[in-house]
Structures are given as C-alpha cells and as structure tokens.
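# Observations on the model geometry
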Amino acid sequence: QVQLVESGGGLVQAGGSLRLSCAASGRTFSLDAMGWFRQAPGKEREFLAAITWSDGRAHYLDVLKGRFTISRDNAKNTVDLQMNSLKPEDTALYYCAASKGVRRIGDPHDYDYWGPGTQVTVSS
C-alpha cells in the first residue's frame, strides 16, 4: 500500500502562485508514476500533470504548459506542483495520485492510489 498526503492549498488572488506538495509513504518502490488531478464542483476529475519515476519525464495537460510545473524529489518521495498565474477557473480540489504501472498518463483510472485532496481557491 501507498499513502499520499497533499499540502500547500489555500486561497490566493488571481495572478498569484501556489506550490502544492505530495508526500508518498509505504511501498513507494512499487510506483511507476505520480501525478496531479483536480476536480471542480459539478465537473469531472481533470488531469493536470504527471511525472514518471524511472526517468523523471514530465507530462502536462497542454493548456497548462508554461503555467504549471511538476517536479519530484526521489529521496523524499515527494512530488510538487508549482502553479503560477492562477485564474479563478483554477479553483478546485487538487488531488495527488500514484500509479504502479501507468499506460495512459492522463487517465485517472490508471492510478492506484489517491490522496484526500487539498483545496485551491483563486479569487478574482
């Protein structure tokens, strides 16, 4: 089993930045990739970014490239999401997820473990 805990959410004004962090514990050696998703009320869970554990390759939702950056710290088993130029439409519950063997990097069904989520609210 793997446990994930997110941190770093909060309230920020439009144009501001937040850095989310996800700490993984347990059988982290079994992981293939970790990623970030978000879900706004009434909407489906949306892929944001992911990073593969073996080679550190980053994958992004195209429209977020340049605003969001994913990074990892293998020694600490953490994955961060730096979010810049935030907009009110970025308001959502942000989830960290981990996969033991991802095939479709953006498909939430390919992820085996999920954190409880951290709320991000962007005011206009």
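Let me sum up the structure you'll find in this document. (Residues numbered from 1 in each chain as written. Predicted model: local features only at pLDDT ≥ 70, side-chain atom pairs only at ≥ 80, totals over all residues. Heavy atoms only, no water.)

## Quick word on the pattern of salt bridges
As enumerated under the stated definition, the model contains six salt bridges in all. The partner of Arg38 in a salt bridge is Glu46, and the shortest N-O contact between them spans 2.7 Å. With a closest N to O distance of 3.7 Å, Arg104 and Asp107 form a salt bridge. A relative accessible area of 46% places Arg104 in the partly exposed class. Judged by relative accessible area, which is 18%, Asp107 ranks as buried. When salt bridges with common partners are traced through the structure, they connect Arg38, Glu46, Arg67 and Asp90 into a single cluster. (Salt bridge = Lys/Arg side-chain N within 4 Å of Asp/Glu carboxyl O. Buried < 20%, exposed > 50% of the residue type's maximum accessible area, 1.4 Å probe, protein only.)

## Focus on the side chain of Thr118
Relative to the assigned elements, Thr118 resides in strand β11 (residues 118-123). A distance of 3.2 Å separates a polar atom in the side chain of Thr118 from the backbone nitrogen of Gly9. Setting aside its immediate chain neighbours within four residues, Thr118 contacts Glu6, Ser7, Gly8, Gly9, Leu20, Ala92, Leu93 and Tyr94. (Helix = DSSP H or I, 4+ residues; strand = E, 2+ residues; numbered from the N terminus. Polar contact = N/O pair within 3.5 Å; in protein donor to acceptor, adjacent residues only side chain to side chain. Contact = heavy atoms within 4.5 Å.)

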